[in-house]
Amino acid sequence: MTALGVAAAVNAGERTARSVAEDYLDRISKGDGEIGAFNLVLAEEALADADRIDAAVGRGEPVGPLAGVPVALKDNLCTRGIPTTCSSRMLEGWRPPYSATVVQRLRAAGAVIVGKTNLDEFAMGSSTENSAFGPTRNPHDTSRVPGGSSGGSAAAVAAGFAALALGSDTGGSIRQPAALCGVVGMKPTYGRVSRYGLVALASSLDQIGPFGTNVADAAACYEAIAGHDPLDSTSIDQPVEPVGKALTDGVEGLRVGVVAELCGGRPQEAHLAGTDGSAASGVEGVAGDVLSRVQDAAEALEQAGAEVRTVSVPSAVLGLSAYYLIAPAEASSNLARYDGVRYGLRVDAANAAEMNVNTRTAGFGAEVKRRIMLGTYALSAGYYDAFYGKALRARTLMLQEFATVYEDVDVLLCPTAPTTAFELGAKTADPLLMYLNDVCTIPSNLTGHPAISVPFGRGDDGLPVGVQVMGPALSERLIFRVAAALERTAPGDGSTP
Amino acid sequence: MSGRISRDEAAHVARLARLRFSDDELDELAAQLSAVLDHAADVEALDVSGIEPTSHPQPLTDVTRVDEVRPSLERDEVLAQAPSVAEGQFRVPPILGEAP
Amino acid sequence: MSGTPEREGTLADGWELVVGLEVHVELSTATKLFCGCANRFGDEPNTNVCPVCLGLPGSLPVVNAAAVDFAMRLGRALGCEVRPAVFARKNYFYPDMPKDYQISQYDQPTNTDGCLELPDGDVVGIERAHIEEDTGKTTHVGGGGRIHDADHALVDYNRAGVPLVEIVSRPDIRGAEQARTYVRELRAILLAIGVSDARMEEGSMRVDANVSVRPVGSNELRTRCEIKNLSSLRSLGRAIAFEAHRHVDLWSGGERPRQETRHWDEAGGRTTPGRSKEDAEDYRYFQDPDLVPLAPSADQVAAIDAALPVLPAARRAALLAAGAGAVSASDAALLVERDQDALVRTAVAMGADPGLTATRVSNDLAVDDWSRVTPDGLAALIGLEASGQITATQAKQVLAEMVEAGDDPASIAERRGFQAMAGDDLAATVDRVIAGNPDEWQRFCSGDDTDRKKLSGFFIGQVMRSTRGRADGAAVNRLLQEKAGG
Ligand SMILES: [Mg+2]
Ligand SMILES: [Zn+2]
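All values reported here derive from a predicted model rather than from experimental measurement.

Mind laying out the overall build of chain B, listing which residues take part and the relevant values?
Along its length, chain B carries four helices and three strands. Against the globule reference of 13 Å for 100 residues, chain B gives a C-alpha radius of gyration of 22 Å, more extended than a compact globule. With respect to the principal axes defined by its C-alpha atoms, chain B has extents near 55 × 45 × 25 Å. Counting across all 100 residues of chain B, residues that qualify as buried make up 44%. Put simply, of all contacts in chain B between residues at least 6 apart along the chain, 44% involve residues at least 24 apart.

What follows is the structure, given as structure tokens:
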């Protein structure tokens, strides 16, 4: 049953929220031992919430658009009184004294929170192997990673442990695991969803977004969490356009651009109508089967009446480099506060500075330390201009080029991830190899634009492939609409493991 | 391994970040960070003349709040999360240096 | 080396003092800079804290509009250009800083390029006045509270996130006394525009001094030392004087000062070395991505200008003009500082003698509550004194009663039976006093100006005593001079 199906049934009194919660909790208790999607299952709390909703339904009170829908939260979203770990030893056992804005909004919409999901420590990673509490496995093939950093949330939805989930996306951390797990994952426009209560990785890039088994569910979840929040200075103070009704509008007449540089840099092999033959250099390493699915998706849109062409955004290839300077720089500062003084882990020492060092050395995992080192270096005197300063200018260049391309097309199409889900351990030895996973998703984070990954067929290995639809700022309704069109034409069923 | 970052530089950065590494770890980190910086050579080589930096994708300005008192947290709830507490305050080992 | 303890006085010949001050001022907003916690001094520790000012994971700052307004008001009062500004993070670890970075302004501060005019007419340039957040408060426990011997430390975050403006002067200050004058003047401005209570003792105004010396006539800037956290005007003056002498000694002896921060040891009367600038922090400043820029419009700045009160310098000028040369600059400064300039100006406008009014108020109205003294009451009092109807001593007593009871001076004088002595009575009393102190009189007649001044004080005092203050001091002095023959 879809999330919207659950909400409709609960609202209509056809199903109790409790019975829904019990179903999902049952699946979790039977299946999560193998998958490891959850850091914490909130069985008691979920049942109590479900009972409250059922009581309200019984009294004839409105219970919200997500009434009784089981939702999983990435464990970097603060939940008052409930442990919030970021999958780090540093925050093990920490119970925040407040809840994230999105958590409050989900509850207000009637959602039932079933647990906190695993992630790469502090959301740094693309495989959910960097968790201090062990990896999450891909429900389609448990020898494979679910992607990351929101791998727990993606796996939870793919495995049927939750109807919806929230993740956070700083360089692709919602979209890439969505692609690898065969579910829908969406990153809203920067500022569209409040970051208040999301434990920060890179503040100028982080956005919270939904996972669902289908586009309509993800859209409903997005609608529930989006909107202005006075507690977040970067929150957009504009009304949220309703998305749901637009999903069936189709793509007739829409102009779709396939980004040459994000399709392995081989536009001539894309065999697409309107290929302009540009010989732009592109990102490396996008697998042939993934590229084929992107071509299939482009053709499907064309058949549905869209006008498809290849477009060039040369600076898109700078994204990865710019990202791996900007994000660690911000992260190095955001993660300074884990010093053993006010909350979380402390490893004591004879003086406060040594206590800081002991605590941070013991509390952070290798990838977190690596990025703190990289970011500290990039910001330090003597290197700022060469690295951080230049990365900020590369970002300007990307914004300019995307603005230009959006004069000619309405949305852009490209792969979400360069490959299907890879084996656990395959990329852990080489950080750079792991970073390359995010090459297609990063541009939207740097520009702040919305993007969505939707399952579209399978790779040569039979694992799900996701294609990515990107749009200009505040084009959520449009990209959901294109994603829905792709979903209707997708070959087979990519969502069920 | 390009050696863009030396072990000494890595050690200096570690001190700034309040992290401790063994010499072997420092060597490995120096190599890994050098590789990332090598990859960033395209950004480093960028001709940035006439391009303004973008720190933020959001073109907002002047987001402020009115100067009205809001409830603070309960002290017990705050201190319950602290590693060490005394006299209603956060207790830390002796601080050797003055604040900069 | 820390030099010999404190020496006052001017620098050795050929040396000039170069001082710049960094003054941190807590703004008196209702709430903190980035959250809604109360900005209040003296509460139980850690009771005015929330996720934001504790730097809890996931919390985000939102700027207090009043703090920005106060900062811009201060900037305009200092003649600064108010500009588009961004908040930056200054990264360093310290337990009293919840996020282990301070949100401040770096290369784009709100206020730049102003100046502050001192009462003597000298002008000190203001480089910038930027907004930043305060840290929490650390108490070192054990070892007598001294930082190096402490057993542990306790941190209270009530002050963390309180809005500050840091006012950075140019190195235009040339003396310890001028530094004190600068701080006093800055304080007067802060009080006048109502943005801070500016109390050094309570820490709501904190001063760091950058001190160096150079040969007179040179424009160079030599190695400077930063003296941190001077907690009174007295310490400020003493510390700068000490440090200046230390530098002159070093340079004169062929050595050079080390660039470092130093601490003022109030009891020892000396500065002691602190952190060397060689191991200075690398603060890794960058724009805070959680906050958006401030972009004050021309209208906003114009509205601030329109709402600024008349500032101390202009008030002093107005008072001096009203006094037409009879009011001293120091009296004018004091009267403005005590907010008594309007009282004096109005009394003068009503016809009171300007010099006498200024003297009487500055000398004899140094009380907290002088609300019962009205301009026309004051003018009437000065009229009685100036016309010789009552003596200076009597005028002081009448004024004291006006402060207490608010009655009009004529009735007070009448009730007390005050009237100045008639001329003959006074002359007789003076003769009696001279006869009773022949030695002093001898010295008075033969001594130089200094002796004569000293001894006239003695004789006036004697006359006052025997007349119970009914004599007019000025008249006594006149008689003495006449009798001594000029
Ligand atoms: Mg400062
Ligand atoms: Zn607060």
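Now, onward.
Account for the packing of helix α1 (residues 65-77) of chain C against helix α4 (residues 298-307) of chain C, naming residues and giving values.
Residues and elements named next belong to chain C. Where α1 meets α4, the closest approach of the two axes is 10 Å, and the angle between their N-to-C directions is 70°. Relative to α4, α1 is oriented roughly perpendicular. As α1 packs across α4, the resulting crossing turns out to be right-handed. Residues D69, M72, R73 and R76 of α1 pack against Q300, V301, I304 and D305 of α4. Here the contact of α1 with α4 is composed, by residue class, of three nonpolar, one polar and four charged.

Give a detailed account of empty space enclosed by the protein, specifying residues and quantitative values.
All names here are of chain C. This structure, assessed with the given rule, holds seven cavities of 30 Å³ or more. Considering only enclosed or pocket space, the largest cavity measures out at about 100 Å³ in volume. F34, V52, P61, K99 and I103 are, among the 15 residues lining the largest cavity, the residues nearest its centre. Counted by class, the lining of the largest cavity contains eight nonpolar, three polar and four charged residues.

Go over the coordination of the magnesium ion (ligand 1) with me, naming the residues and quoting the values.
Residue and element names in this part refer to chain C. Within the first shell, the magnesium ion (ligand 1) binds the protein through E132 (OE), E132 (OE) and E166 (OE), at distances of 2.0 to 2.7 Å. Taken together, the residues E132 in strand β7 (residues 123-133) and E166 in strand β10 (residues 163-169) connect sequence positions 34 residues apart. For the pair shown, E132 and E166 are each scored as buried.

So, how was this worked out
Once a new chain begins, its residue numbering starts again from 1 and follows that chain's sequence as written. Working convention: letters from A go to chains and numbers from 1 go to ligands, in the order in which they are written. Only residues with pLDDT of 70 or above have their local features reported here, since the model is predicted, and side-chain atom pairs are shown and tallied only from 80 upward, although totals for entire chains, interfaces and linings are computed over all residues. Note: side-chain values were computed over all heavy atoms of the structure, leaving out hydrogens and water. Starting at the N terminus, helices and strands are each numbered in turn, a helix being any DSSP run of H or I of at least four residues and a strand any DSSP run of E of at least two. What the globule rule says is 2.2 Å times the number of residues to the power 0.38, and the radius of gyration is computed from C-alpha atoms. Each residue's exposure class comes from its accessible area (1.4 Å probe, protein chains only) as a fraction of the maximum for that residue type: buried when under 20%, exposed when over 50%, partly exposed otherwise. Residue contacts follow a heavy-atom distance rule, with two residues in contact if any of their heavy atoms lie within 4.5 Å. Every axis corresponds to a line fitted to the C-alpha atoms, with the helix fit spanning only the stretch in contact, and the corresponding angles, defined between N-to-C directions, vary from 0 to 180 degrees. Oblique is the label for any angle not under 35 degrees, not over 145, and not in the 65 to 115 range, which are roughly parallel, roughly antiparallel and roughly perpendicular in turn. In this scheme the handedness of a crossing depends on how the near helix is turned from the far one: anticlockwise by less than a right angle means left-handed, clockwise means right-handed. Throughout this entry, Asp, Glu, Lys and Arg are counted as charged residues, while Ala, Val, Leu, Ile, Met, Phe, Trp, Tyr, Cys and Pro are counted as nonpolar. The remaining residues, Gly among them, count as polar. In this analysis a 1.4 Å probe is tested at points of a 1 Å grid over the protein atoms alone, and where it fits but cannot get out there is a cavity; an open set with protein on both sides within 12 Å along at least five of seven lines is a pocket; lining residues have an atom within 4 Å of a point. Grid points are joined across faces, edges and corners, and a volume is the space filled by probe spheres set on the points. Note: metal donors comprise N, O and S atoms at 2.8 Å or less from the metal (3.2 Å for Na, K and Ca); water molecules are not included, so apparent gaps in a site are possible.

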